[in-house]
Amino acid sequence: MRTLAIAVLTLLASTALAASEASELQQLRGQLKTAQDANDKPAIIELSRRIVAIAPNDSDTWDALAQTQSEIEDLDGLDRTLDRWQKAFRREPAAIEDFRAGLCFKREDYQCAEQHWLAFIATKPPAAEVATAYDNLAELCAAQSRWADHVAYRTKAIAAQDTAARRVFRACAFLRLHKWDAAYADMTRANKMDATDPQVKEWLPQFERLQQFLPRIKALDAQIAKWPNDIALLLDRARLFTLAGRPLLALDDAERAFKLQPASMRVRIQTAEALLDVDRADDAAKLEVSKYLRRGEDKHVSEQALRELGSLDSRLVQNPKDIDTLIARAKILRELGQFTLALAEANAALAINDKSAAAQVEAAYDFDGLGQQKEALLHARIATDLDPHDSAKWFFRGVLERQRADFTAAIASQTRSIEISESRVALIEREQCERRIGKTNEADADLRRVQELAPEHE
């Protein structure tokens with residue numbers, strides 16, 4: 001009788017405990033639903049943990065916990081959750097493979113991610129989930145510039161579930177492989193499937209713009225196929241891609257050209273322009289090209305500047321110690337707002353001949369552009385000593401002296417400039433400096449002369 005009593009009491013206690021847990025679970029699940037409706041992620045995580053501690057076989061709650069940790073980038077927490085989730089089941093839920101793949105992807109462990117997504121697909125989930133997994137695999141390949149594999153996974157995603165958006169994504173992938181006809185076939189198909197799809201609406205105008213340049217691009221494709229290491233051909237095609245609004249394609253060609261001829265300034269500028277167009281200013285800075293690269297009204301570096309740089313590059317290949325060419329290249333770089341590169345060119349010229357007045361004044365311009373007026377003035381003074389008969393050099397020297405508040409010296413420099421070749425700008429500079437030191441009569445005389453030289457402006 002005593003044994004029976006103990007058994008009855010135990011059963012009653014177990015029943016009471018189970019009832020208590022059931023009540024607590026019901027309450028926690030209600031709270032979880034409220035937290036999910038409010039998108040309260042910390043609460044979702046905490047409540048989910050409590051639920052699976054009581055009901056470790058609740059896959060839906062494990063899924064909610066893992067999904068929320070993934071969304072807030074709690075990668076270490078997600079890793080621990082997946083381990084506990086896996087141990088709670090004899091047969092691993094397929095969703096764990098999907099989450100592990102996403103975790104590896106966020107950690108940029110692409111090989112791991114690819115293995116887990118392929119394992120997830122092997123569990124034969126619904127077609128929509130298969131298609132999404134292939135989408136993810138395609139993105140993984142894009143991150144590694146594996147464009148052929150990228151297209152292959154896009155194709156499998158379409159086979160699993162064909163949509164207008166997936167057609168657009170594959171069309172873009174075909175562009176990276178220069179498979180123009182296949183790309184436009186997909187875009188046409190996507191537009192017919194759903195012209196209102198956001199991806200179609202975003203990309204169709206871009207494809208139409210590119211189409212205007214395709215005849216010239218295809219002609220260059222044929223030439224590059226024959227001469228794959230021809231820098232000029234690669235840069236010409238990169239230029240067309242830039243004009244067509246396809247900076248990634250431009251970057252492909254420019255980076256290829258850069259590997260072949262890293263000393264080329266045209267290559268450097270075009271590569272940097274493409275990097276800036278894809279918001280990679282830090283990478284452009286590694287090429288010593290600043291984000292303030294000067295462009296025209298069309299938002300591109302001028303064709304003339306690129307052509308001139310290319311010509312100068314070729315001359316320097318023939319004669320690396322051609323001072324005039326170095327200075328000419330520095331001037332173009334300065335006009336593009338790239339004072340660091342320009343100064344390097346000027347210094348290279350000065351290393352060959354520090355008695356070159358042209359190189360000295362170029363260095364002065366470049367230092368001034370970098371905000372280093374003291375160094376600029378030093379080189380400007382050397383330039384005027386070496387070439388005392390150039391009015392422009394005296395004018396620039398006077399400007400630098402005025403910037404450093406040495407008005408007396410600035411007046412003297414502008415006077416030398418005017419004596420060699422009178423100009424309104426030099427007179428205006430001298431007049432301003434004269435007023436700063438109280439030489440009102442001289443300033444008034446200069447102002448009258450300025451008005452005489454340009455009465456139409458009065």
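All of these numbers come straight from a predicted model, not from anything done at the bench.

Cut-offs and rules
Residues numbered from 1 in each chain as written. Predicted model: local features only at pLDDT ≥ 70, side-chain atom pairs only at ≥ 80, totals over all residues. Heavy atoms only, no water. Helix = DSSP H or I, 4+ residues; strand = E, 2+ residues; numbered from the N terminus. Rg over C-alpha atoms; globule rule 2.2 N^0.38 Å. Contact = heavy atoms within 4.5 Å. Areas by Shrake-Rupley, 256 points an atom, 1.4 Å probe, with all protein chains shown as cover. Lys, Arg positive; Asp, Glu negative; His and termini not counted. Charge placed at Lys NZ, Arg CZ, Asp CG, Glu CD. Expected span 1.5 Å × (residues − 1). Buried < 20%, exposed > 50% of the residue type's maximum accessible area, 1.4 Å probe, protein only. Arc of directions from axis to C-beta. 1 Å grid on protein atoms, 1.4 Å probe; cavity = no way out; pocket = protein on both sides within 12 Å on 5 of 7 lines; lining within 4 Å. Points joined across faces, edges and corners; volume = space filled by probe spheres on them. Nonpolar A, V, L, I, M, F, W, Y, C, P; charged D, E, K, R; others polar. Salt bridge = Lys/Arg side-chain N within 4 Å of Asp/Glu carboxyl O.

Enquirer: Can you explain the overall build of the protein chain? Please cite residues and give values.
Expert: Along its length, the protein chain carries 25 helices and zero strands. Relative to its length of 458 residues, the protein chain is extended, with a C-alpha radius of gyration of 35 Å against a globular reference of 23 Å. With the C-alpha coordinates of the protein chain rotated into their principal frame, the extents come out at 125 × 60 × 45 Å. For the protein chain, the proportion of contacts with a sequence separation of at least 24, taken over those separated by at least 6, is 48%. Total accessible area computed for the protein chain in this model is approximately 24,100 Å², and 51% of it derives from carbon and sulfur atoms. The average position of the 64 basic charges and that of the 73 acidic charges among the side chains of the protein chain differ by 3 Å.

Enquirer: Go over helix α25 (residues 440-453) with me, naming the residues and quoting the values.
Expert: The end-to-end C-alpha distance of α25 is 20 Å, a good match for the 20 Å that 14 residues give at a rise of 1.5 Å each. Looking at α25, one finds that the buried residues are A443, D446 and V450. Within α25, the buried residues cover an arc of 65° as seen down the axis, which keeps them to one side. Of the residues in α25, the exposed ones pointing more than 90 degrees away from the buried face are N441 and E452.

Enquirer: Could you give an account of the layout of surface pockets, with specific residues and numbers?
Expert: Volume-wise, the largest pocket comes out at about 520 Å³. Together, 21 residues line the largest pocket, and A142, W147, C172, R176 and L248 are the ones closest to its centre. Taken together, the elements giving at least two residues each to the lining of the largest pocket come down to α7 (127-143), α8 (147-160), α9 (164-176) and α14 (247-260). If you tally residues by element for the lining of the largest pocket, the top one is α14, at six residues. The residue makeup of the lining of the largest pocket, split by class, is 12 nonpolar, two polar and seven charged. In this structure, the second largest pocket encloses a volume near 190 Å³. If you trace the second largest pocket, you find 14 residues lining it, with I231, A232, L235, G310 and S314 closest to the centre. Top contributing element to the lining of the second largest pocket by residue count: helix α17 (residues 303-318), with seven residues. For the lining of the second largest pocket, the residue count by class is five nonpolar, five polar and four charged.

Enquirer: Tell me about helix α18 (residues 323-335), residues and numbers included.
Expert: Between the first and last C-alpha of α18 there are 18 Å, a value that for 13 residues agrees with the 18 Å anticipated at 1.5 Å per step. Among the residues making up α18, those that are buried are I323, T325, L326, I327, R329, A330, I332, L333 and R334. Residues of α18 that are buried sit in contact with α15 (265-277), α17, α19 (339-352) and α20 (357-369). Positive backbone phi, at 80°, marks G337, one or two positions downstream of α18.

Enquirer: Describe the pattern of salt bridges, and please don't skip the residues or the numbers.
Expert: Enumeration over the complete set of coordinates arrives at 44 salt bridges. Across the salt bridge formed by R176 and D252, the nearest N and O atoms sit 3.0 Å from each other. In this pair, R176 sits in helix α9 while D252 sits in helix α14, placing the two residues 76 residues apart along the sequence. Residue class for R176 comes out buried when judged on its relative accessible area of 17%. A residue is classified by how much of its surface remains accessible, and D252, at 27% relative accessible area, is partly exposed. Each of D76, D79, D83, R100 and R107 takes part in a single network of salt bridges with overlapping partners.

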